[in-house]
Amino acid sequence: MTNEQIQITNDRYRLGYHVMPKSGWINDPNGFCYFNEYYHIFYQHYPYSPEWGPMHWGHARSKDLVHWEDLPIALTPGSTEDKDGCFSGSAIVKDDTLYLFYTGHHYYGDNDPDHFWQNQNMAYSTDGVNFTKYENNPIIESEPEDNTHHFRDPKVWEDNGKYYMILGSQGKDGLGRVILYQSDNLKEWDYIGDIAKSESIEKEGFMWECPDFFSLNNKDILLCSPQGIKQQGKEYLNLFQTGYFLGHLNEEKTTFSHDRFIELDYGHDFYAAQTTTTPDGRRILIGWMAMWESPMPEKEDGWAGALTLPRELVLLDNHLYMKPVDELKELRTQTLDSGHIYLEEPTLLSKQSSHIEVNLEHKFEERKEITTSFELKDASNQLLLSLNYDNQTNEFELYRPDKDDSRFALISAKNTVELQIFIDKSSVEIFINGGEAVFTERYYTEDVPQVWINASDGVATNYDLYQLNEKAMQY
Ligand code: FRU
């Protein structure tokens, strides 16, 4: 292992308006918060290679959720309490101080990667740039007795002058669960117990990572990333999932009664999402725009992974919508094209930029059976990805030729379907009907992608195309 930040050797897949590492590896977003007029996002990071390694916390901040500034690494592992990694966690702001909560990772040293233990730690900063690890770390020394060594990813929040921490974990019975601690001072924590638990490994997983908890429209929402859920028809097709349970945490905060687990994003590249609130009270989310064990061709160029665009969460009819935050309109540098067509044959919408927003509105006539498609192709007409919609089944299918497989989403029946699509140099985020369904995907070509749309029979279509800022993230 060397101690120098790895160099980027080729820019071909570098993104223009997403948070990504200066170089090296990135996974989960961490510590998402608003402090001293800046949004802060941290992330799991290994600066010395494009592979996962001893986890650091990388750091970026933004005044507007659009323009991001790279900051020095906030947490470096190697202290007694986080010897082999500063794993995922969260932040809260209290009395002009930004507090980070993170998991210390420790291997027993017998070269077995599964032979580890984890504790919980704190760090703080008053300038939002330089962080000091708390002198009396760890704040939670080890897992409770009814837990295995999977005990990580603290999410802390304040409610009525008390602090609560949930942790992703696994019970001794081998089932994923979320456990709760309580504190009056952020430093001493009492174990309350589990608040929610997997029904069975097949259905809900053996380990729940990266929990988050918040309320919208008087409903409580537990967000988490379970490992081990088995594929059920066209659901749960990724290696691991990120999704939510809608429910109610009782007054004593001992039980969270809830509905079934629902995936939040149907794409191949979405995991370990985390939320925060904006000063005007919106709940926004950022996820890791990749998936464990996916090949990530950018590794060849000295980096791997990125974070998604920030999305606002809105609860409508007991369904969590994820829509691009309004601020993202600031990414638009010019209107490239807009118009109205009667779509009935393959139509090339754009081939002028790798950083564009495509807004499409299809208006279906009643009783007419139609399929529509949106495709990205490289300069030699090779398909990079396609999105097909069937107005009879209301199903979207997202196909990735590089993986030779599809992902699916069902939407509610409507005569109008709206797509808002953000294309960056190697990513595509597709928001359907204001965020009712979302697909987050990576794609890889050195060409400027061609955007094609088509329909099996005539459909009235409005479109708007915007050039987006190619340098919204500054290093
Ligand atoms: C989720 C995760 C977390 C852990 C981190 C390690 O992707 O496995 O549970 O803290 O990544 O990098």
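Residues numbered from 1 in each chain as written. Predicted model: local features only at pLDDT ≥ 70, side-chain atom pairs only at ≥ 80, totals over all residues. Heavy atoms only, no water.

Describing the sheet that holds strand 11 (residues 176-183)
One open sheet holds the four strands; their spatial order is 9-10-11-12, and the pairing between them is antiparallel. Each edge of the sheet is formed by a strand with only one pairing partner; in this case those strands are strand 9 (147-159) and strand 12 (190-197). Going from strand to strand, the sheet's axes swing by 25° on average, the running direction of each strand aside. Alignment of strand 11 against strand 12, held across six bridges, turns out to be antiparallel. Of the residues in strand 12, the one forming a bridge with Arg-177 is Lys-197. (Pairing = 2+ DSSP bridges. Helix = DSSP H or I, 4+ residues; strand = E, 2+ residues; numbered from the N terminus. Axes fitted to C-alpha atoms, helices over the stretch in contact; angles between N-to-C directions.)

Focus on the domain arrangement of the protein
One can read the domain layout of the protein as domain 1 (24-324) and domain 2 (328-470). Centre-to-centre, using C-alpha coordinates, domain 1 lies 31 Å away from domain 2. Counting residues at the interface gives 30 residues for domain 1, matched by 30 residues for domain 2. Approximately 2600 Å² of surface area, both sides summed, lies buried where domain 1 meets domain 2, with 59% of it carried by carbon and sulfur atoms. Where domain 1 meets domain 2, there are four salt bridges. The shortest N-O distance in the salt bridge between Arg-442 and Glu-298 comes to 3.0 Å. The greatest single-element share of the side of domain 1 that touches domain 2, amounting to six residues, is contributed by strand 22 (residues 319-324). Grouping the amino acids of the side of domain 1 that touches domain 2 by side-chain chemistry returns 16 nonpolar, eight polar and six charged. (Domains from an automatic or database assignment. Contact = heavy atoms within 4.5 Å. Buried area = accessible area lost by both parts, 1.4 Å probe. Salt bridge = Lys/Arg side-chain N within 4 Å of Asp/Glu carboxyl O. Nonpolar A, V, L, I, M, F, W, Y, C, P; charged D, E, K, R; others polar.)

Describing the sheet that holds strand 19 (residues 283-288)
With antiparallel pairing, the four strands of this open sheet are ordered in space as 18-19-21-22. The sheet is open, and its two edges are formed by strand 18 (271-277) and strand 22, each paired on a single side. Taking the axes of each pair of neighbouring strands and ignoring which way they run, one obtains an average angle of 40° across the sheet. Bridge analysis of strand 18 against strand 19 gives five bridges, and the strand direction is antiparallel.

Some words on the site of the ligand
The ligand sits among 13 residues. The nearest are Asp-28, Gln-44, Arg-152, Asp-153 and Glu-209. The contact in question runs from an oxygen atom of the ligand to an N or O atom on the side chain of Gln-44, over 2.7 Å. Within the side chain of Asp-153, an N or O atom sits 2.6 Å from an oxygen atom of the ligand. Across the complex, the protein chains shield 95% of the 320 Å² of accessible surface that the ligand would expose by itself. Those elements giving two or more residues to the shell around the ligand turn out to be strand 1 (24-35), strand 5 (86-94), strand 9 and strand 13 (207-216). Partitioned by chemical class, the residues of the shell around the ligand number six nonpolar, three polar and four charged. (Near = heavy atom within 4 Å. Polar contact = N/O pair within 3.5 Å; in protein donor to acceptor, adjacent residues only side chain to side chain. Areas by Shrake-Rupley, 256 points an atom, 1.4 Å probe, with all protein chains shown as cover.)

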